[in-house]
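# Architecture and fold: a report
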Amino acid sequence: MEYRFSNKVSGLQASAIREILKYTVDPNVISFAAGNPAPEAFPARRIAEISDELLRDDPILALQYSITEGYGPLRDFLKGWMTEKGCFHSEFDDLIVTSGGQQANELSCKVLLNEGDTLLCESPSFIGSLNAFRSYNVNLKGIEMDDDGINLEKLEAALKEDNNVRVLYLIPNFQNPTGRTMSLAKRKAVYELACRYNFIILEDDPYGELRFAGENIPAIKSLDTEGRVIYSSTFSKLISPGFRTGFVSAPAPIIQKIIVCKQVSDVHSNIWAQVVSHRFMTTIDREAHFSRLRGIYKEKAELMCSYINSGFSDKITYIKPEGGLFIWCTLPDECDMNAFCTRAVKDYKIAVVPGNSFSIAENEKSSSFRLNYSTPTNDQIKKGMEILAAMTREILD
């Protein structure tokens, strides 16, 4: 039988990251292609203790249906925590718990954009969100980035050219895939453009607590006085991605529409995970927990960067991250990046992600590739980076 797919999904393609990961079933392959938290970062013992208490003392709370908005005590905690961070304005914001940050971004797009409306984003950007946006047949346009975030001149040029821009999607902290962080001056300028050109900013911040170098920079949401910023985040990198527990802080009318759309999608997020997340976040020393996570990723990032500095061909440049999970490396223009990545995994048993996996436009050229340091062990980083470094010298020098 020949199947006809809807216009919403006919243009979607399997993630190139997932295609690369197929090679990692080979036990000899060392993968720098994932984006998972470090296994040693999971607070498994405390989660087990909380789960045991919950299922012993109040099992129905964890096993019964719940409300779409999210577990009440968790929402109250998040509102307070986000207020401290400047990311919740009680006079006009509301908050909903979602099934991870991915659903937060997808539902935001669903409630705000019609087919043909324009959504601007950084180029390159996170493939998961890009595919979510594409599924609604929006006019997706990428804006090039500078070292300190999105290029303001090109952003304003795109706004002048297209009067149908509804949303700007940004990952200001340790951006996936480039690891870049947007400066405070640029965050202020972007918000001013949103006010001037009348669009909404969707600020995706899954990595904000994972800063291990440099100074903290206020969220764009903290600058919001007109209800123009949606702030999404997740516990995936702070507790567990398997919990699928994220949240959205946004103007109340937007949250009300997200609630209705979420009811259609999954009724409510996993209530067991919400209760455990709440009890975990309110019974531990949060700053000590976050500091431990930062220490893990700082060590791994510095280890990987040391091999780039000492062993990679001088023809490769890279962005040194101040947090998050990724390093963005760029090959010289004359080097075939896709061939490089394919050869790395097939011949050298090292998996990296080709940069065009994160491209906005189809067939967009990229000379970069992404490395992940959070998932592999330190021993795997040492071994894999020695092999990759030798490969770069062999091919480029």
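Going by the structure above, here's the rest.
Here we summarise the structure given alongside this text. Just so we're clear, the structure is a prediction, and the values are computed from it rather than from any experiment. Within any chain, residue numbers begin from 1 and follow the written order of that chain's sequence. Side-chain atom pairs in this predicted model are given and counted only at pLDDT of 80 or more, local residue features only at pLDDT of at least 70, and totals for whole chains, interfaces and linings cover all residues. The side-chain numbers reported here are obtained from all heavy atoms of the structure, hydrogens and water having been left aside.

Further remarks concern helix α13 (residues 337–347). Each residue gets one of three labels from its accessible area relative to the maximum for its type: buried under 20%, exposed over 50%, partly exposed in between, using a 1.4 Å probe on protein chains only. Only runs of H or I of at least four residues qualify as helices and only runs of E of at least two qualify as strands under DSSP, and these elements are numbered from the N terminus. Every buried residue belonging to α13 is among M337, F340, C341, A344 and V345, and all of these are buried. In an axial view of α13, the angular spread of the buried residues amounts to 120°, which keeps them on one side of the axis. Those residues of α13 that are buried are in contact with β12 (350–351), β13 (353–354), β14 (368–372) and α14 (378–396). By the criterion applied in these results, polar contacts are pairs of N or O atoms within 3.5 Å in which, for protein atoms, one can donate a hydrogen and the other can accept it, and in which residues neighboring in sequence qualify only through two side-chain atoms. Sitting at the head of α13, D336 places a side-chain oxygen 3.1 Å from the backbone nitrogen of N338. Remark: K349 follows α13 within two positions and exhibits a positive phi of approximately 60°. Arc, as used here, means the arc of the directions from the helix axis to the C-beta atoms. Working rule for contacts: check all heavy atoms of both residues, and any pair within 4.5 Å makes them a contact.

Time to look at the packing of helix α8 (residues 152–161) against helix α9 (residues 184–197). Structural elements are reduced to axes, namely lines fitted to C-alpha atoms, with helices fitted over the stretch in contact, and the angle between N-to-C directions of any two is expressed from 0 to 180 degrees. Packing of α8 against α9 leaves a shortest axis separation of 11 Å and a crossing angle of 10°. Of the possible angle classes, the one that applies to α8 and α9 is roughly parallel. Between α8 and α9, the residues in contact are L152, L155, E156, L159 and K160 and K186, A189, V190, L193, R196 and Y197, respectively. Note that Gly is not counted as nonpolar here; it falls among the polar residues with everything else outside the nonpolar set of Ala, Val, Leu, Ile, Met, Phe, Trp, Tyr, Cys and Pro and the charged set of Asp, Glu, Lys and Arg. Here the contact of α8 with α9 is built from residues that sort into 7 nonpolar, no polar and 4 charged. Note that the term roughly parallel is reserved for angles under 35 degrees, roughly antiparallel for angles over 145, roughly perpendicular for angles of 65 to 115, and oblique for everything else.

Here a Phe, Tyr or Trp ring, Trp counted by its six-membered ring, pairs with any other such ring whose centre lies within 6.5 Å, and the pair is stacked when the planes are under 30 degrees apart, edge-to-face when over 60, and tilted otherwise. Taken as a whole, this structure holds 8 aromatic pairs when the rule is applied. With a centroid separation of 5.1 Å and 75° between ring planes, the pair formed by F133 and Y169 is classed as edge-to-face. In this pair, F133 is assigned in helix α7 (residues 127–134) and Y169 in strand β6 (residues 165–170), connecting sequence segments 36 residues apart. Each member of the pair, F133 as well as Y169, carries the same accessibility label: buried. Aromatic pair W328 and F358: ring centres 6.1 Å apart, planes at 70°, arrangement edge-to-face. One end of the pair, W328, is in strand β11 (residues 326–330); the other, F358, is in the loop between β13 and β14, and 30 residues separate them in sequence. Accessibility expressed as a relative area gives 6% for W328, which makes it buried. Its relative accessible area of 0% is what places F358 among the buried residues.

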